[in-house]
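Coordinate analysis (summary)
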Amino acid sequence: MQVTTIQSAKKNLEQLVYQVESDAEPIMIFLDDSHKAILLSEREFAAWQETEYLLSNPANAAHLRKSLEQARMGQVKERELLEI
């Protein structure tokens, strides 16, 4: 993850916003040892929120983990999507 100082971020904010949007990589903005923030794209933020929501329900989280393990083990079935 790229790290930048608050002073540099202030000078280059527009460029940093374009960068996180195009790279999909967050940038840490460093003020001092106890004050840091992360700049990330709206798309990445939305993905994090969706993941948090999906994992907030224990039953749903268990189902997702089971599905991921099945995929890792090659236990997948290809299915045709239905048109609605």
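Residues numbered from 1 in each chain as written. Predicted model: local features only at pLDDT ≥ 70, side-chain atom pairs only at ≥ 80, totals over all residues. Heavy atoms only, no water.

Per an unreviewed UniProt entry, the protein chain carries the name Antitoxin and comes from Vecturithrix granuli. The protein chain has a UniProt comment under Function (unreviewed entry) that states "Antitoxin component of a type II toxin-antitoxin (TA) system." Listed in UniProt under the heading Sequence similarities (unreviewed entry), the comment for the protein chain reads: "Belongs to the phD/YefM antitoxin family." (UniProt positions renumbered as here; feature names shortened; annotations may be inferred.)

Here we look at the overall build of the protein chain
In terms of helices and strands, the protein chain carries four helices and three strands. Listed by position from the N terminus, the elements making up the protein chain come as β-α-α-β-β-α-α. The C-alpha atoms of the protein chain give a radius of gyration of 19 Å, which is well past the 12 Å a tight globule of 84 residues would have. The buried share among the 84 residues of the protein chain stands at 11%. The contacts of the protein chain with a sequence gap of at least 6 include a subset with a gap of at least 24, amounting to 29%. Carbon and sulfur atoms make up 56% of the accessible area of the protein chain, which amounts to about 7500 Å² in all. In the protein chain, 9 positive and 14 negative side-chain charges are present, and the distance between their average locations comes to 7 Å. (Helix = DSSP H or I, 4+ residues; strand = E, 2+ residues; numbered from the N terminus. Rg over C-alpha atoms; globule rule 2.2 N^0.38 Å. Buried < 20%, exposed > 50% of the residue type's maximum accessible area, 1.4 Å probe, protein only. Contact = heavy atoms within 4.5 Å. Areas by Shrake-Rupley, 256 points an atom, 1.4 Å probe, with all protein chains shown as cover. Lys, Arg positive; Asp, Glu negative; His and termini not counted. Charge placed at Lys NZ, Arg CZ, Asp CG, Glu CD.)

Here we look at helix H4 (residues 58-72)
For H4, with 15 residues, the first-to-last C-alpha span of 21 Å sits near the 21 Å given by 1.5 Å per residue. N-capping of H4 is provided by Asn57, with a side-chain oxygen placed 2.9 Å from the backbone N of Ala59. Phi turns positive, to about 80°, at Gly74, one or two residues after H4. (Expected span 1.5 Å × (residues − 1). Polar contact = N/O pair within 3.5 Å; in protein donor to acceptor, adjacent residues only side chain to side chain.)

Side note on the domain arrangement of the protein chain
Considered domain by domain, the protein chain is made up of domain 1 (2-40) and domain 2 (43-73). Here domain 1 and domain 2 have C-alpha centroids that lie 27 Å from each other. (Domains from an automatic or database assignment.)

A look at the pattern of salt bridges
Counting across every chain of the model gives two salt bridges. Between Glu21 and Arg43 there is a salt bridge, and its shortest N-O distance comes to 3.7 Å. Linking Glu21 in helix H2 (residues 13-23) with Arg43 in helix H3 (residues 42-56), this pair joins segments that are 22 residues apart in sequence. The class for Arg43 is partly exposed, based on a relative accessible area of 44%. (Salt bridge = Lys/Arg side-chain N within 4 Å of Asp/Glu carboxyl O.)

Thoughts on the nonpolar core
In this structure, Ala9, Leu16, Val20, Ile27, Ile29 and Leu39 together form the largest nonpolar core, which totals six residues. The set of elements that each furnish at least two residues to this core consists of H2 and strand E2 (27-32). Filtering out sequence-adjacent residues up to four positions away, Val20 remains in contact with Glu25, Pro26, Ile27, Leu39, Leu40 and Ser41. (Core = buried A, V, L, I, M, F, W, Y, C linked by side-chain atoms within 4.5 Å.)

A word on the pairing of E2
Sheet topology places strand E1 (residues 2-5) next to E2; four bridges connect them, and they run parallel. Residue Thr5 lies in a different strand from E2, and its bridge partner there is Phe30. Turn length for the E2-strand E3 (residues 35-39) hairpin, with the two strands adjacent in sequence and antiparallel, is two residues. (Pairing = 2+ DSSP bridges.)

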